[in-house]
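# Chains, contacts and geometry: an overview
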Amino acid sequence: MKKILTAILAAAVVCTSLFALAGCGNSSKNSDSKSSGSSSSEKGELHMATNASFEPYEYQEGGKVVGIDAEIAQAICDKLGYKLVIDDMEFDAIITAVTSGKADFGMAGMTVTDERKKSVDFTDPYTNAIQAIIVNESDSKVSSKKDLEGATVGVQLGTTGDVYVTDVKDAKVERFSKGADAVLALTQNKVDAVVIDNEPAKKFVEQNKGTKILDESFKNENYAICLKKGSDLTEQFNKALKELKDDGTVKKIIDKYIKA
Ligand code: ARG
C-alpha cells in the first residue's frame, strides 16, 4: 500500500514539473511572437505630463487632450511601441512630475531654459516660439515693450513669460494658473498687459474682442520635450523625433493647427 502511494506521489511530482516546464515553454513562445508583432502597446504606457489650456499646443476637446503636442507625442509613442497616456496638470507641476517619476515625460509648449536643464533633460527642439505682449485695443497704458516698466502684467505661473516679466523694472507681476485667466483679467482692466507665447496669444485675442498683440515681443525660444535626467528614453525620443521631422510629420501636425 505504502509503495503504491509513493509511486502515485512520485508520478504527481513528475507531472507537475512537466506541466510547469510546458507552461514556461508556452509563455516564452507567446512573448516571442508578441515582440515580433507591431501592436502599439507592447512596451506598456508612457505618461505625458502637460497643461491642457494652451491651444494650439494642448487643450481639452470632447473630454480629450488634443493639439500639436498631443499629436507629436502620439506619433513618437506609436513609433517606439508605447501606449500614450496624457496627464493634465498645472504647468508648474510638470517638471516635478517628471523628476519624481510620476510622469515619463513632460510636453507642454515647454521652452528649453538653462534653469530647467538643471533638473531635467530636454530632447532636441521640435518647434520655436516667442513671448508676445497682449494689451487692450483702446486706452492701453502699454503700447511697447518698454511700457511694461511700472505696469501690472499678467502671466501664467512658472512660465518663461513669468521669468521675463519678473525681470522687468518696476513691473508688478500677477501670476495666474491659466493663461486664459490672465487674459480675462486684462479684459477687466485688472492688469495692463499679458505676456504669453505667441500662438496661444493669437487664440486668446481671437476669443477676446478688444484685445490685440503688440508688434514687439521677447526673444526667440525653443520648445522641447523634458525627461528625467539620464533617462534612456531621451535618445529614443530624439531618434523618433528626427524621423518625424525628416518625413514631414511634425510639419504636417503643426500646419494642421497653425494656419499660415
Ligand atoms: N513656453 C512657456 C514656458 O515654457 C509657456 C508654456 C506654457 N505651457 C502650457 N501648456 N501652459 O514656460
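Note that the coordinates shown come from a computational prediction; the quantities given were computed from them, not determined experimentally. (Residues numbered from 1 in each chain as written. Predicted model: local features only at pLDDT ≥ 70, side-chain atom pairs only at ≥ 80, totals over all residues. Heavy atoms only, no water.)

## Digging into the nonpolar core
Counting 44 residues, the largest nonpolar core has I72, I76 and F105 as the members making the most contacts within it. Elements supplying a minimum of two residues to this core: strand 1 (45–50), helix 2 (68–80), strand 8 (127–136), helix 6 (179–187), strand 11 (193–197), helix 7 (198–207), helix 8 (233–246) and helix 9 (249–257). Among the elements that take part in this core, helix 2 stands out by supplying seven residues, more than any other. L148, A151, V165 and F218 belong to the second largest nonpolar core, which has 16 residues in total. (Core = buried A, V, L, I, M, F, W, Y, C linked by side-chain atoms within 4.5 Å. Buried < 20%, exposed > 50% of the residue type's maximum accessible area, 1.4 Å probe, protein only. Helix = DSSP H or I, 4+ residues; strand = E, 2+ residues; numbered from the N terminus.)

## What to know about the packing of aromatic side chains
All chains considered together, the criterion is met by six aromatic pairs. With 5.0 Å between their ring centres and 80° between their planes, Y57 and Y223 make a pair best called edge-to-face. Of the two residues, Y57 sits in the loop between strand 2 (53–54) and strand 3 (58–61) while Y223 sits in strand 12 (residues 211–223), which places them 166 residues apart along the sequence. Of the two residues, Y57 and Y223, neither departs from the other in class, the shared state being buried. Ring geometry for F105 and F237: centres 5.0 Å apart, planes at 65°, overall edge-to-face. (Phe/Tyr/Trp six-rings, centres within 6.5 Å; stacked < 30°, edge-to-face > 60°.)

## Section: the sheet that holds strand 3
Strand order in the open sheet formed by three strands is 2-3-4, with antiparallel pairing between adjacent strands. The two strands at the open ends of the sheet, each matched to only one other strand, are strand 2 and strand 4 (64–66). With three bridges joining them, strand 3 and strand 4 adopt antiparallel strand pairing. Paired with Q60 across the two strands is V65, which belongs to strand 4. (Pairing = 2+ DSSP bridges.)

## With respect to the site of the ligand
In the neighbourhood of the ligand, 15 residues make up the surrounding shell, with A108, T111, R116, T160 and D197 lying closest. Measuring from a nitrogen atom of the ligand, one finds a side-chain N or O atom of N51 at 2.8 Å. Between the ligand and R116 there is a distance of 2.7 Å, counted from an oxygen atom to a side-chain nitrogen or oxygen. Against a free-state accessible area of 340 Å², the protein chains account for coverage of 100% of the ligand. (Near = heavy atom within 4 Å. Polar contact = N/O pair within 3.5 Å; in protein donor to acceptor, adjacent residues only side chain to side chain. Areas by Shrake-Rupley, 256 points an atom, 1.4 Å probe, with all protein chains shown as cover.)

## What about the environment of V66?
Turning to its location among the elements, V66 is positioned in strand 4. On the basis of relative accessible area, V66 is assigned to the buried category, the value being 14%. In the structure, V66 is positioned 20 residues away from I86 in sequence and 9.8 Å away in space, judged by C-alpha atoms. Once residues lying within four places of it in the same chain are set aside, the contact partners of V66 are Y57, E58, Y59, E61 and Y257. (Contact = heavy atoms within 4.5 Å.)

## Quick word on the packing of helix 2 against helix 8
Contact geometry of helix 2 with helix 8 gives a least axis separation of 9 Å together with a crossing angle of 110°. Between helix 2 and helix 8, the angle falls in the class roughly perpendicular. Helix-helix and strand crossings are classified by hand; for helix 2 and helix 8 the assignment is right-handed. Taken together, the residues of helix 8 that come into contact with helix 2 (itself represented by I72, A75, I76, K79 and L80) are Q236, F237, A240, L241, E243 and L244. When grouped by side-chain class, the residues that make up the contact of helix 2 with helix 8 number eight nonpolar, one polar and two charged. (Axes fitted to C-alpha atoms, helices over the stretch in contact; angles between N-to-C directions. Parallel < 35°, antiparallel > 145°, perpendicular 65-115°, else oblique. Left-handed = near helix turned anticlockwise from the far one by under 90°. Nonpolar A, V, L, I, M, F, W, Y, C, P; charged D, E, K, R; others polar.)

## Points about the environment of D139
On the secondary structure map, D139 appears in the loop between strand 8 and strand 9 (152–156). In this structure, the C-alpha to C-alpha distance between D139 and D192, residues 53 residues apart in sequence, is 10.0 Å.

## Let's talk about the environment of E199
Here E199 lies in helix 7. For the pair E199 and E55, spaced 144 residues apart in the sequence, the C-alpha separation amounts to 7.6 Å.

## Let's talk about the packing of helix 2 against helix 9
Orientation of helix 2 relative to helix 9, taken along the N-to-C sense of each, is 155°, at an axis distance of 9 Å. In this view, helix 2 runs roughly antiparallel relative to helix 9, as classed from their interaxial angle. For the pair helix 2 and helix 9, the sense of crossing is right-handed. Every residue of helix 9 that contacts helix 2 at I68, E71 and I72 is listed here: V250, I253, I254, K256 and Y257. Among the residues making up the contact of helix 2 with helix 9, the classes are represented as six nonpolar, no polar and two charged.

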